[in-house]
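Read off the chains here:
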Amino acid sequence: MITINENFLKLQDSYLFSNIAGRVAAFQENNPQKNIIKLGIGDVTRPLPPACIAALHKAVDEMAGDATFKGYGPEQGYEFLRQAIADNDFRARGIEVSADEIFISDGAKCDTGNIQELFTTDIKVAIPDPVYPVYLDTNVMAGRTGDYVDGRYQGIYYLESIKENNFIPDLPNKDVDLIYLCFPNNPTGSTISREGLKKWVDYAVESKALILFDAAYEAFIRDKTLPKSIYEIPGAREVAIEFRSFSKNAGFTGTRCAFTVVPKECRGFDSKGKIHYLHALWNRRHCTKFNGVSYPIQRAAAAVYSEEGKTQTKELTDYYLKNAAIIKKEITALGFSSGGGDNAPYIWIDGQGRDSWDFFDMLLKQAGVVCTPGSGFGKCGQGYIRLSAFNSLENVEEAMNRIKTTL
Ligand code: MLT
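S.K.: Explanation requested: the pattern of salt bridges in the structure shown.
M.R.: Where side chains of opposite charge bring their charged atoms close, a pairing between them can arise. What the rule picks out here adds up to 22 salt bridges. One salt bridge in this structure joins Glu 218 and Arg 244, with 3.4 Å as the shortest N-O distance. Taken as a pair, Glu 218 in the loop between β8 (210-214) and α7 (236-239) and Arg 244 in strand β9 (residues 240-245) lie far apart in primary sequence, 26 residues in all. Comparing Glu 218 with Arg 244, the two get one shared label, buried. The residue Lys 310 makes a salt bridge to Glu 307 at a minimum N-O spacing of 3.6 Å. Of this pair, Lys 310 and Glu 307 are both found in helix α11 (residues 307-333), three residues apart, which corresponds to roughly one turn of the helix. Through salt bridges that share partners, Asp 89, Glu 218, Lys 228, Glu 242 and Arg 244 make up one connected network.

S.K.: Could you clarify how one ought to interpret the packing of helix α1 (residues 16-30) against helix α12 (residues 356-367) in this entry?
M.R.: How two helices pack is summed up by the angle between their axes together with the distance between the axes. One can describe the packing of α1 onto α12 by two numbers: an axis separation of 11 Å at closest approach and a directional angle of 35 degrees. Every pair of crossing elements has a handedness; the one defined by α1 and α12 is right-handed. The segment α1 lies against α12, with Leu 16, Asn 19, Ile 20, Arg 23, Val 24 and Phe 27 engaging Trp 357, Phe 360, Asp 361, Leu 364 and Lys 365. Residues that form the contact of α1 with α12 fall into these classes: seven nonpolar, one polar and three charged.

S.K.: Before we go on, may I ask you to explain the site of the ligand in this structure?
M.R.: Close to the ligand lie Phe 17, Ile 41, Gly 42, Tyr 132, Asn 186, Tyr 217, Lys 248, Tyr 346 and Arg 386. Gly 42 has a polar backbone atom sitting 2.6 Å from an oxygen atom of the ligand. Tyr 132 is positioned with one of its side-chain polar atoms (N or O) 2.6 Å from an oxygen atom of the ligand. Compared with its free state, where it exposes 270 Å², the ligand has 86% of that area covered by protein. Of the residues that constitute the shell around the ligand, the class distribution is five nonpolar, two polar and two charged.

Parameters at a glance
- All chains use their own residue numbering, which begins from 1 and follows the written sequence.
- Local features in a predicted model are, by the rule used here, given only for residues with pLDDT of at least 70; side-chain atom pairs are given and counted only at 80 or more, and totals for whole chains, interfaces and linings are based on all residues.
- Side-chain measures here rest on the full set of heavy atoms in the structure, leaving out hydrogens and waters.
- A pairing counts as a salt bridge when a side-chain nitrogen of Lys or Arg comes within 4 Å of a carboxyl oxygen of Asp or Glu.
- Here a helix means four or more residues in a row that DSSP labels H or I, a strand means two or more in a row labelled E, and each is numbered from the N terminus.
- Each residue gets one of three labels from its accessible area relative to the maximum for its type: buried under 20%, exposed over 50%, partly exposed in between, using a 1.4 Å probe on protein chains only.
- Think of each axis as a best-fit line through the C-alpha atoms, taken over the contacting stretch in the case of a helix, with angles from 0 to 180 degrees between the N-to-C directions.
- Crossing chirality is assigned from the near helix's rotation relative to the far helix, an anticlockwise turn below a right angle marking it left-handed and a clockwise turn marking it right-handed.
- In this analysis, two residues are considered to be in contact whenever any of their non-hydrogen atoms come within 4.5 Å of each other.
- Note on residue categories: nonpolar means Ala, Val, Leu, Ile, Met, Phe, Trp, Tyr, Cys or Pro, charged means Asp, Glu, Lys or Arg, and polar means any other residue, Gly included.
- One heavy atom within 4 Å of a molecule or strand is enough for the residue carrying it to be called near that molecule or strand.
- Between N or O atoms, a polar contact is any pair within 3.5 Å; within protein, one atom must be a potential hydrogen donor and the other a potential acceptor, and residues adjacent in sequence are included only when both atoms are from side chains.
- Only the protein chains shown count as cover for residues, with accessible areas throughout obtained via the Shrake-Rupley method and a probe of 1.4 Å.

Worth remembering: the numbers are spatial, not functional.
Here it is, written out as structure tokens:
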């Protein structure tokens, strides 16, 4: 008899963004004349930077020549990309990360979901609320939680990110072993200061914990006082793994390329308390289960670090940040309080007592605008909606006009 992993039965409905896509598709089918503007999932709308396209074309041509054709590449990624990342994203900012500490992958979603395989099922996991659902769902699948009771999985330590703490969770008041953090935050758009992040690193050092730091939105940081990488904090190399992506800075959501940084000193412990280095474990896992991102895509990603690529990706993120500023200004003028939108592409809007899904339905049906209901990100998201700045300027302006009329 083939028996199933019953942990899957604990999961709620479908994955949040599939659920929303289903509802939007059903509405569109019944209202084919309605023009819908999507400010829901954070999917980019602008094309790839020309520097990336040129590199992609060139690499595709290489695949057509006997002398330049490439078969399997290194599972961890090609040296040219790993080195470009180490030099530009880290060393140029005075952060010590070497090329062989970088693992190229096809997405931060996959990496943040897969990394928990390195740890036992009895660890205590701390997950923000609200949160990008992947961190939570993958721990449910792995059997690290009890049942879902009253909007929460038993056994998880929820790090509440609420208005009262500026959407930056407080340190846990009991020991936890694995901590998920994401800054600039998805979904709240909040950012963390160096001092704030240092408290988490110090906590992890003292309690022998590990931080999984999702920095997928670092390219939207404009405030120079804010940390872009957790490795700007002394001690973080021993206690943190960082996740980055080319999806939001360079428009690779459909192209797929990301990377995970596992410093050589980053440690875990066996049941006897002996230290083991996570770099070796992740390397083993990556080589066994992953065959690398395709050569042309890695060449396109490396072009992000060329002079043209840097200018063009900055233009892209500036474009979306301008949208974010418009959303923020309009929603504030309507009397709503909100977070994010300054150094992040998401605006987290307090619905003034409205249920998140009711607010979602109202905006979809009356304004033809798709948002993401805050409660889909967790119990603390109830009453909020998230608007994404990833769309054209024209669509964002039109969406805000419609929202104004509706509200
Ligand atoms: C989001 O909308 O939260 C993100 O686009 C989801 C993702 O990056 O997978």
